[in-house]
Amino acid sequence: MKAMDLADYIILKANELNKPVQNLKLQKIMYFLNADYMVNNKGNALIEDENFERWDYGPTIRSVYYEYSSNGASPIKSNSKHINIHRDNNNNIVDIDFSEGLDINSLDRKERKFIDKHINEFLRFNPFDLVNESHKETQWKELSNNEEYSNRETLKYYKKNKFW
């Protein structure tokens, strides 16, 4: 699943459940859903196109953060249309297009069911409780800001240290 699709689906579900999320909480729910998915699916990650980075408030996917940063600390009321920038191997922009956002029918049914089943485990937490939980992980303690997390290390930690 693409990180932006996961973010959009979480926003959709959170609003359906009348528990809207702000950007900070969105990032942490994405991270812990990905960790939970790996623990329950033989190490396979839920997010396949981007990696989390170490930021001051815990693991963050940069593109999702900036996509929803205009909301500040306010709840995200709806998904946004996305700008897609396509680059060549030299990182030059070769094309720009826009997407309407989430197409639920394009999401993998198994992944969607997993999210539906587990999202409430994380929505019930205050965002700063999720931040504090993410700061207990070894990677957060050892990485420098903006360094990428390893899914393998995330899996190793949460196999033994699930808090949810």
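This structure is a prediction, so every number in the text was calculated from the model and none was measured.

Topic: the layout of surface pockets
In this model, the second largest pocket occupies a volume close to 290 Å³. Around the second largest pocket sit 15 residues that line it, and Asn23, Leu24, Tyr57, Tyr65 and Gly72 are the ones nearest its centre. Put simply, the parts of the chain that give the lining of the second largest pocket at least two residues each are α2 (23-40) and α5 (127-134). For the lining of the second largest pocket, the class distribution of residues is seven nonpolar, six polar and two charged.

Observations regarding the side chain of Asn41
If you trace the backbone, Asn41 turns up in the loop between α2 and β1 (53-55). Among the polar contacts listed, one links the side chain of Asn41 to the side chain of Lys110, at a separation of 3.1 Å. Residue contacts for Asn41: discarding those within four places in its chain leaves Lys110 and Phe114.

Quick look at the pattern of salt bridges
A pair can form between side chains of opposite charge whenever their charged atoms are brought close. Summed over all chains, the structure comprises six salt bridges. Between Lys136 and Glu133 there is a salt bridge, and its shortest N-O distance comes to 3.1 Å. Put simply, Lys13, Glu16 and Asp116 are held in one network by salt bridges that share partners.

Re unusual backbone geometry
In the Ramachandran plot, Asn18 falls in the positive-phi region, its phi being about 60° despite a non-glycine side chain. Asn18 sits in the exposed class, given a relative accessible area of 65%. Positive phi, normally seen in glycine, also occurs at Lys42, with a value near 50°. The residue Lys42 is located in the loop between α2 and β1 in this model. Take Lys42: its relative accessible area is 82%, and that puts it in the exposed class.

Structural notes on the nonpolar core
Within the largest apolar cluster, 40 residues are counted, with the highest numbers of intra-cluster contacts made by Leu6, Leu26, Met30, Leu33 and Val64. Every element with two or more residues in this core is listed here: α1 (3-16), α2, α3 (62-68), α4 (109-123) and α7 (151-160). The residues contacting Val64, other than those within four sequence positions of it, are Ala3, Met4, Ala7, Asn23, Leu26, Gln27 and Met30.

Section: α2
The end-to-end C-alpha distance of α2, which contains 18 residues, comes to 26 Å, matching closely the 26 Å that a straight helix rising 1.5 Å per residue would cover. Counting buried positions over the 18 residues of α2 gives 15, a clear majority of the element.

So, how was this worked out
- Residues numbered from 1 in each chain as written.
- Predicted model: local features only at pLDDT ≥ 70, side-chain atom pairs only at ≥ 80, totals over all residues.
- Heavy atoms only, no water.
- 1 Å grid on protein atoms, 1.4 Å probe; cavity = no way out; pocket = protein on both sides within 12 Å on 5 of 7 lines; lining within 4 Å.
- Points joined across faces, edges and corners; volume = space filled by probe spheres on them.
- Helix = DSSP H or I, 4+ residues; strand = E, 2+ residues; numbered from the N terminus.
- Nonpolar A, V, L, I, M, F, W, Y, C, P; charged D, E, K, R; others polar.
- Polar contact = N/O pair within 3.5 Å; in protein donor to acceptor, adjacent residues only side chain to side chain.
- Contact = heavy atoms within 4.5 Å.
- Salt bridge = Lys/Arg side-chain N within 4 Å of Asp/Glu carboxyl O.
- Buried < 20%, exposed > 50% of the residue type's maximum accessible area, 1.4 Å probe, protein only.
- Core = buried A, V, L, I, M, F, W, Y, C linked by side-chain atoms within 4.5 Å.
- Expected span 1.5 Å × (residues − 1).

Keep in mind these values describe shape, not function.
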